[in-house]
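Topology and contacts: notes
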Amino acid sequence: RLGVDIDANAAQPSTGLDQTRPVTVSAHYLYGAIGSGLQVTGEARISADPAPFAAYKDYTFGDDSQPYAEKYVDLPATTTDGQGRAVFPFAASEAGETTQPLSVLLTASVFEPGGRPVKESQTLQILPSPLYLGVKVDQKETKNWRDTPQMRFNIVGLTPQGQKTAVKGVHVRLISEIYDYDWYVENGRWNWRRTHHDVLISDKVMDLNANTGLTFERGLDWGDYRIEVEAPGLAKTVDRFSAGWGGSDQGDNNAPDFVRLSLGAKTYKQGDTVELTLKGPYKGEAQIAVASDHVIELKTVSVGDNGATVRLKT
């Protein structure tokens with residue numbers, strides 16, 4: 001019976017943690033009457049924004065080595081006035097001290113006389129830092145899977161409004177993350193633990209051009225890496241990536257018997273021969289099954305210390 005609109009001026013991000021944004025809620029009955037005297041409650045869900053700038057959706061912003069802990073905030077309850085309107089404030093300081101780009105899902109609930117809530121939401125951005133560093137990592141296609149992967153890096157500096165800006169004295173560090181596994185017996189059962197250590201590959205101070213940012217290429221052996229880009233006192237971005245295979249060794253699939261696969265960057269059509277690269281944590285025999293609702297192909301291959309490549313017909 002009730003229509004609800006919410007307006008938090010979402011097109012304009014909050015650019016400081018000291019800012020307070022008025023959130024306006026309007027209510028009207030669907031038969032035309034104004035929804036006055038109705039109870040209004042609100043909540044905010046604050047989380048890290050993985051893509052704060054639409055024009056740079058392929059870039060990483062913020063420090064993924066220190067993820068932002070999601071927060072839920074209850075906003076002050078109020079009542080619609082004689083025009084069916086209510087306003088409650090949202091303070092950006094509710095996010096806590098951070099320089100990470102954030103997304104805020106604001107939800108307002110207006111209660112009908114019978115007690116049923118009608119909800120509407122709007123998403124607001126908080127960009128508290130005067131500068132953001134975006135990092136894009138691409139892997140160039142190689143002719144042979146044994147070739148050293150060639151990685152291409154592009155770094156840009158952006159204002160909170162998404163405009164490119166020049167930045168001087170940016171520290172760019174490339175680090176290799178080496179993972180080790182230890183097997184042990186506890187209470188009669190085998191288990192494992194994973195540890196890692198870092199190896200610094202390069203550490204340079206560079207300038208970002210206002211138009212093109214900074215682009216460079218480097219050959220990296222197969223493995224897991226991270227790039228740290230920092231303008232001291234202003235902004236920092238940390239991005240983890242892998243060279244040689246399809247995904248970084250992060251998340252749940254990091255057991256010592258987990259096999260990593262890559263199809264490269266090629267696109268295939270029906271009838272093509274697909275080159276599949278696989279690399280296990282140790283050498284041995286691998287059985288590869290290609291299946292849909294039935295087994296299409298089954299192969300057994302020997303995998304050496306440096307992995308193996310397998311050709312499969314599509």
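Details of the structure are given in the entry above.
Just so it is clear, the structure is predicted and the values come from calculations on it, not from any experiment.

A count of helices and strands for the protein chain gives 0 helices and 20 strands. At 26 Å, the protein chain has a C-alpha radius of gyration far larger than the 20 Å of a compact globule built from 314 residues. Principal-axis analysis of the C-alpha atoms gives the protein chain an extent of 75 × 55 × 50 Å. Burial status across the protein chain gives 41% buried among its 314 residues. Pairs at least 24 residues apart make up 65% of the contacts formed inside the protein chain by residues separated by at least 6 positions. Across the protein chain, 32 positive and 40 negative side-chain charges occur, with their mean positions spaced 5 Å apart.

Moving on: the sheet that holds strand β8 (residues 117–126). The strands making up a sheet associate through backbone hydrogen bonding, with each pair oriented either parallel or antiparallel. Strand order across the open sheet formed by 4 strands is β5-β3-β7-β8, with antiparallel pairing between neighbours. At either end of the open sheet lies a strand with only one pairing partner, and these are β5 (71–79) and β8. Strand-to-strand twist across the sheet, computed as the mean angle between neighbouring axes with direction ignored, equals 20 degrees. In this structure, strand β3 (residues 39–48) lies alongside strand β7 (residues 102–111), joined through 9 bridges in antiparallel fashion. Across the sheet, residue Ser47 finds its bridge partner in β7, namely Ser103.

Applying the stated criterion to the full structure yields 7 aromatic pairs. Centroid distance Phe153 to Phe216: 4.9 Å. Interplanar angle 20 degrees. Geometry classified as stacked. Residue Phe153 is found in strand β10 (residues 150–158), and its partner Phe216 is found in strand β13 (residues 214–219); the two are separated by 63 residues along the sequence. Like Phe153, the residue Phe216 is buried in the burial classification. Summarising the aromatic geometry, the rings of Tyr225 and Phe241 are spaced 5.7 Å apart at their centres and angled 20 degrees between planes, so their arrangement reads as stacked. Taken as a pair, Tyr225 in strand β14 (residues 223–231) and Phe241 in strand β15 (residues 235–243) lie far apart in primary sequence, 16 residues in all. In this structure Phe241 comes out as buried when scored by relative accessible area, which is 6%. Following the ring pairs from residue to residue traces out a cluster consisting of Phe153, Phe216, Tyr225 and Phe241.

When the charged atoms of two side chains with opposite charge come close together, those side chains can pair. By the definition in use, this model includes 14 salt bridges. Between Arg226 and Asp198 there is a salt bridge whose closest N-O contact spans 2.8 Å. You can see Arg226 sitting in strand β14 and its partner Asp198 sitting in strand β12 (residues 189–208), a full 28 residues away along the chain. Through salt bridges with shared partners, a single ionic network connects Arg173, Glu177, Asp198, Arg226, Glu228, Glu230 and Arg240.

What follows is about the sheet that holds β14. Here 4 strands make up an open sheet; going across it, the order is β12-β11-β14-β15 and the pairing antiparallel. A single partner strand is all that each edge strand has here, and the edge strands are β12 and β15. With strand direction ignored, the average angle separating the axes of adjacent strands in the sheet is 20 degrees. Of the pairings in the sheet, the one linking strand β11 (residues 167–186) to β14 comprises 7 bridges and is antiparallel in character. By the bridge assignment for β14, Ile175 is matched with Arg226.

In this section: the nonpolar core. Residues Leu2, Ile46, Phe90, Val104, Leu106, Val110 and Ile126 are the most contacted members of the largest nonpolar core, which totals 29 residues. Of all the secondary structure elements, the ones that give two or more residues to this core are β1 (2–7), β2 (20–29), β3, β5, β6 (85–91), β7 and β8. Leave out the neighbours within four places in its chain, and Leu2 touches Ala27, His28, Tyr29, Leu30, Leu38, Val110, Glu112 and Val118. Membership of the second largest hydrophobic core comes to 22 residues, among which are Leu131, Val172, Leu208 and Leu214.

Here the focus is the side chain of Asn154. In this fold, Asn154 is placed in strand β10. The exposure class of Asn154 is buried, given its relative accessible area of 13%. There is a polar contact of 3.5 Å between the side chain of Asn154 and the backbone oxygen of Thr212. Reaching out from Asn154, the side chain makes a polar contact with the backbone oxygen of Leu214 at a distance of 3.2 Å.

Each value, and the rule that gives it
Residues numbered from 1 in each chain as written. Predicted model: local features only at pLDDT ≥ 70, side-chain atom pairs only at ≥ 80, totals over all residues. Heavy atoms only, no water. Helix = DSSP H or I, 4+ residues; strand = E, 2+ residues; numbered from the N terminus. Rg over C-alpha atoms; globule rule 2.2 N^0.38 Å. Buried < 20%, exposed > 50% of the residue type's maximum accessible area, 1.4 Å probe, protein only. Contact = heavy atoms within 4.5 Å. Lys, Arg positive; Asp, Glu negative; His and termini not counted. Charge placed at Lys NZ, Arg CZ, Asp CG, Glu CD. Pairing = 2+ DSSP bridges. Axes fitted to C-alpha atoms, helices over the stretch in contact; angles between N-to-C directions. Phe/Tyr/Trp six-rings, centres within 6.5 Å; stacked < 30°, edge-to-face > 60°. Salt bridge = Lys/Arg side-chain N within 4 Å of Asp/Glu carboxyl O. Core = buried A, V, L, I, M, F, W, Y, C linked by side-chain atoms within 4.5 Å. Polar contact = N/O pair within 3.5 Å; in protein donor to acceptor, adjacent residues only side chain to side chain.

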